[in-house]
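# Results of the structural survey
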Amino acid sequence: MDIARSDIVKSTAGRDKGKLFFVLEAGEDFLLLADGKARKLESPKRKKRKHAVLAARYECRAAEKIRSGEKVTNSELRRTLAQFGGDGNPDQEG
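All of the points below concern the structure found in this document. (Residues numbered from 1 in each chain as written. Predicted model: local features only at pLDDT ≥ 70, side-chain atom pairs only at ≥ 80, totals over all residues. Heavy atoms only, no water.)

Turning our attention to the overall build of the protein. Secondary structure assignment for the protein yields two helices and five strands. Traced from its N-terminal end to its C-terminal end, the protein shows the element sequence β-β-β-β-β-α-α. The proportion of buried residues among the 94 residues of the protein is 35%. Contacts in the protein between residues far apart in sequence, at least 24 positions, make up 47% of those at least 6 positions apart. (Helix = DSSP H or I, 4+ residues; strand = E, 2+ residues; numbered from the N terminus. Buried < 20%, exposed > 50% of the residue type's maximum accessible area, 1.4 Å probe, protein only. Contact = heavy atoms within 4.5 Å.)

For the rest of this paragraph, the subject is the packing of helix 1 (residues 61-68) against helix 2 (residues 74-85). When two helices pack together, their arrangement is captured by the angle between the axes and the distance separating the axes. At a minimum axis distance of 9 Å, the contact between helix 1 and helix 2 shows a crossing angle of 130°. Accordingly, the angle class assigned to the pair helix 1 and helix 2 is oblique. Where helix 1 approaches helix 2, its residues Ala 62, Lys 65 and Ile 66 are matched on the opposing element by Glu 76, Leu 77 and Thr 80. Class assignment for the residues of the contact of helix 1 with helix 2 results in three nonpolar, one polar and two charged. (Axes fitted to C-alpha atoms, helices over the stretch in contact; angles between N-to-C directions. Parallel < 35°, antiparallel > 145°, perpendicular 65-115°, else oblique. Nonpolar A, V, L, I, M, F, W, Y, C, P; charged D, E, K, R; others polar.)

The subject of this paragraph is the environment of Asp 2. Note on placement: Asp 2 falls in the segment before strand 1 (8-11). Sequence separation between Asp 2 and Leu 54 is 52 residues, and the spatial gap between their C-alpha atoms is 7.8 Å. Ignoring sequence-local partners within four residues, the contact set of Asp 2 consists of Asp 7, Arg 49 and Arg 57. Among the polar contacts made by the side chain of Asp 2, one reaches the side chain of Arg 49 at a distance of 3.3 Å. (Polar contact = N/O pair within 3.5 Å; in protein donor to acceptor, adjacent residues only side chain to side chain.)

In structure tokens, the structure reads:
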């Protein structure tokens, strides 16, 4: 499966290896990724496609907003990724 906008991907290389991100934009060679915590919507991570693997096509409100171009918040991204990944408190900083 090809990685597309609003998919959830897992980083396979770099200091963010193993972390989950939403795809904000999908270019030919690069992806723009955000998780709402370390990489916020205002400064997404630019990552080569080969260094990310598709984790899921998760149907949720945050993914719908990304696809339609609506305004999505960092807290929505954090909350959704925490639910998907099974983390503890999604809004906990640090």
